Amino acid sequence: MLELDIQRATQALAPIDADFRRWCELALQQRKADSEMTIRLVDEAEARELNHTYRHKDYATNVLSFPADVPDELLDIPLLGDLVICVAVVEREAAEQGKSLEAHWAHLVIHGCLHLLGYDHIEDEEAEEMESLERELLAQLGHPDPYADDETESTPH
């Protein structure tokens, strides 16, 4: 079971809670344990501040993943972690990359959830595994390959 808390810390329009739940449940289907996570939707100022604080990069990014670094058996709750998503960056990227807004939202939520599960894209081999899984999950939703045109794409963070 997924316990999902959605925090809307911006007035910008974003998908409905049911969409976030559907995307998270799809990405987390390989996890057999219950999961508790938060998605925080933010403006560019908060995204930039968090990206600077935690990644030492001075710009607002699309998605930040904060895995809970505590073994499940040490908590009374099955805390998986948090995603912080900048609504304005998601909208801008979708427009710049010629993607549907829904497909880009689904991709970033799935990408962030996979990070919470321990996937990464630093090494080429890890990136291929993660991107392959993202393609498969997005195809299940009827969305195209988000990496089809890598020259114009920015990899989610």
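Data block above holds the structure.
In this report, we go over the structure that sits alongside the text. (Residues numbered from 1 in each chain as written. Predicted model: local features only at pLDDT ≥ 70, side-chain atom pairs only at ≥ 80, totals over all residues. Heavy atoms only, no water.)

With that settled, consider the pairing of strand β1 (residues 2-8). Two elements, β1 and strand β2 (residues 35-42), share seven bridges in a ladder whose sense is parallel. Considered in β2, the bridge of Leu4 is made with Met37. Handedness of the β-α-β unit built from β1, helix α1 (residues 17-27) and β2 comes out left-handed. (Pairing = 2+ DSSP bridges. Helix = DSSP H or I, 4+ residues; strand = E, 2+ residues; numbered from the N terminus. Right-handed = clockwise from strand over helix to strand, strands pointing away.)

Right, let's get into the sheet that holds strand β4 (residues 79-86). Strand order across the open sheet formed by four strands is β1-β2-β4-β3, with mixed pairing between neighbours. The sheet is open, and its two edges are formed by β1 and β3 (63-67), each paired on a single side. Sheet twist, expressed as the mean angle between neighbouring strand axes with direction ignored, is 15°. Where β3 meets β4, five bridges bridge the pair, whose relative direction is antiparallel. When the bridges of β4 are listed, Ser65 appears paired with Leu83. (Axes fitted to C-alpha atoms, helices over the stretch in contact; angles between N-to-C directions.)

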